[in-house]
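Here is what each chain is made of, one letter per residue.
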Amino acid sequence: MSNPGPTRPSTQSAFELNPSSGDSEFQLALERYWAEAQSLRLWIVALLAFAVMSGLVVTLLSTDKFRATARLEISQVAANVTDIDTLEADNLVSEQQYLNTQYELLTSRFMTERVAEAGDLLRNQGFLEAFGIDPEDEGFDERDLEQLLLDNLTVSPIQQSSLVDIRFASSDAFLSAEIANMWADEFVAANYEKRFGANIEAQQFLEQQIEELRIRLADSEKELVEYANANQILVLEASDGTDSSTGTASQSLIASDLSAINAALARALTDRITAAAALRANSVASRESYDLLNARLADAEAELASLQSFFGPEYPTLIEKREEVAAIKQAISSEEKAETGQLRAALDAAVLRERELRGQLDSAKQDFLGQQNESIQYGILKREADTNRELYEALLQRYKELEAAGAGQNNIKLVDQAVPPQDPYAPSLPLNLMIALALGFAVAAALVYLRVALSQTLRDPQDVERRLGLALLGTIPQAETDDFTSEITTRSSDTNEAYATVRTNLSFLTANGAPEVIMLTSSVPSEGKSVSASALATSFAQLGRRTLLIDADLRNTRLVETLEIEPAPQVGLSALLTGNQTDLTQVALRLERFGFDFIPVGRKPPNPVELLAGDRFREVLAAARQHYDQIIIDSAPLLSLADAVELSRIVDGVLYVIEADGLKLRGIENALGRLRSANANMLGAIVTKFDEAGSGYGYGYGYGYGYGKRATSDPQAA
């Protein structure tokens, strides 16, 4: 047959043979984790069982805990029943921000201190027994108590409402209800103190100031009165009912007397002037009346004289006229005496009263002028007393206003008091089992993740492409039986079918089918390289191709044992390479059980590398190409040896054998690096000894072929 020459396979074509090649990296990762989980399924089941048992034991050994709930209503805006504003204005914040602030305050150290102090919990025997606290333990202090309270407290706001539940848990139902109610009451009280605490503090401050002013006012008024008494300064109540003491010293008794005397003197002066005027006026009026009476008297006397001349003394008319004249004379005399004496007496009295009042006025003036200097100090003392009185009244009024403002309504109210629960809320067996299972699954997931992340071996066949950059040509399962010959020769066996898949994939690598000369190598011994070479040769032979298997592992061959050839041939490849034998057909053995010809190593030479690197091996291959359709070469492992590297330069392609979950990927990468540095034509890789059931990777063998039965025996160790 003609030698087509080395042909580099198309990795893309081989990749397209794999139906799973279109899966995303994410799907591959999930499959890998799932496969790892399947491989660890016994550990995972044991771990979950341990978690369930732990949850059950913890539940049975845990102390029953009772949780009581008190409910509060928290409103941002509170009504005020008075018209008096509080001293501290409310901040305008959003409702949610305000509610969140209150929730945080409920779980603050401030509240724990109030509750601990209100309930005297460090001395509360029921509380100490419920939480197993030794009162004589000096290591347990207030900080530990506060943390204990917070650990057993739960604040649960009710969504879409202003309600919040305060829950406290302990081993005593009544204690739980007591502390929950105490927490709610203390929070309500603390909020009230916060809102109206400024008023309360102001009231206390005003009480002190009022008391001081009261004493100061009393002292100043006492000093004013003592000074007034000592200096005979009398202050009278004004006629309008107001206290004239709010004025100056001009409203003293002396000033009042001076004003009264002055007013009386003015009236006396007016009376004197009036009396003098009346006297003068009466003199004129009396003169006119006197003249009139005299005129009448003259007329009467004239008439009397006329009558006397005509009539006698007894004449009635004469008698009447004589009586009229006497009456007029009597009237003139009475008129003169009465009017003049009365008016003059009135004038004299007015003059006397005026003289007396002037004397009193002069005396009052002297007293008033003497009191002027004393009134200055009196006015100072009086103004001080008035100022103290005004301050006292102003503070007293503000105190009353603050006292009224203290009646403001609290914006936090207790809706429901906590009642002792009938049944414990913990431990809950379903909840503990769920938590235990969740923890078990978490640990199992971490275990799987660490196994995948820290895995240094080839556990997933897809890593051949992802990590090594080789086409995966087949995945060989663990041998089902110890009968190796039956496994590779029986067409229905899993092993035979797996290698048939490899053979089929090799046939797609070039346009002319599988490369004619294929070398199999591995990183280290016992990875299944020799078995794979034998099985692959058998598969090609079953296809009807003239197949030759050459054992080129001149250092530590095991292929004769694998093929069960007895006795071991003494003539083989070493004789052909050294020139002791030149006829290929005389060295090749026909193995009818497998259907291919076999060239053993023969005697082991002392210089394998020189023999393989020489031109003689090329001549052997050229002769073999003339007689065979397919040539399979089983070479030595790569690590620390150069045999396979030398052979890779003269073969059509290299098929790399990798043991599943065997050598670390770093070592495989180093071995492949040596081949690639020699420009070897890498056809792909075969993964051997793959336990699909144990590993959980459901990729099948090769590209889409799956096989179910596996055995623990390992005849592929060669």
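For the structure, check the block above.
Presented here is an overview of the structure given in this document. Keep in mind that what you see is a predicted model, and the values were worked out from it rather than measured. (Residues numbered from 1 in each chain as written. Predicted model: local features only at pLDDT ≥ 70, side-chain atom pairs only at ≥ 80, totals over all residues. Heavy atoms only, no water.)

One can find Asn152 in the loop between α7 (142-151) and β2 (153-157). Residues in contact with Asn152, not counting those within four places in the same chain, are Lys65, Phe131, Arg167, Phe168 and Ala169. (Helix = DSSP H or I, 4+ residues; strand = E, 2+ residues; numbered from the N terminus. Contact = heavy atoms within 4.5 Å.)

A few words on the packing of helix α5 (residues 109-119) against α7. At a minimum axis separation of 10 Å, α5 and α7 run at an interaxial angle of 105 degrees. With respect to their mutual orientation, α5 and α7 come out roughly perpendicular. Between α5, through Arg109, Thr112, Glu113 and Ala116, and α7, the contact on the second element is made entirely by Arg143, Leu145, Glu146, Leu149 and Leu150. Among the residues making up the contact of α5 with α7, the classes are represented as four nonpolar, one polar and four charged. (Axes fitted to C-alpha atoms, helices over the stretch in contact; angles between N-to-C directions. Parallel < 35°, antiparallel > 145°, perpendicular 65-115°, else oblique. Nonpolar A, V, L, I, M, F, W, Y, C, P; charged D, E, K, R; others polar.)

Turning our attention to the pairing of strand β3 (residues 163-170). In terms of residue burial, β3 counts as a mostly covered element, since six of its eight residues are buried. Summarising the sheet, strand β1 (residues 66-74) and β3 pair through eight bridges and their orientation is antiparallel. The residue of β3 that forms the bridge with Leu72 is Val164. Here β2 pairs with β3 via five bridges, running antiparallel. If you follow Thr154 over to β3, its bridge partner there is Arg167. The loop that links β2 with its antiparallel partner β3 comprises five residues; one of these, Gln160, has a positive phi angle of about 60 degrees. (Buried < 20%, exposed > 50% of the residue type's maximum accessible area, 1.4 Å probe, protein only. Pairing = 2+ DSSP bridges.)

The next point concerns the pattern of salt bridges. For the structure on display, the rule yields 20 salt bridges. Lys529 serves as the salt-bridge partner of Asp634, at 2.7 Å between the closest nitrogen and oxygen. Of this pair, Asp634 sits in strand β10 (residues 630-634) while Lys529 sits in helix α15 (residues 529-542), placing them 105 residues apart in sequence. Like Asp634, the residue Lys529 is buried in the burial classification. Between Glu564 and Arg593 there is a salt bridge, with the nearest N and O atoms lying 3.5 Å from each other. With a gap of 29 residues between them, Glu564 in the loop between α16 (559-562) and α17 (573-578) and Arg593 in the loop between β8 (589-591) and β9 (596-599) connect regions that are remote in the sequence. Relative accessible area serves as the criterion here: at 44%, Arg593 is assigned to the partly exposed category. Salt bridges sharing common partners tie together Glu221, Lys382, Asp386 and Arg389. (Salt bridge = Lys/Arg side-chain N within 4 Å of Asp/Glu carboxyl O.)

It is worth stressing that arrangement in space is one thing and function is another; only the former is reported here.
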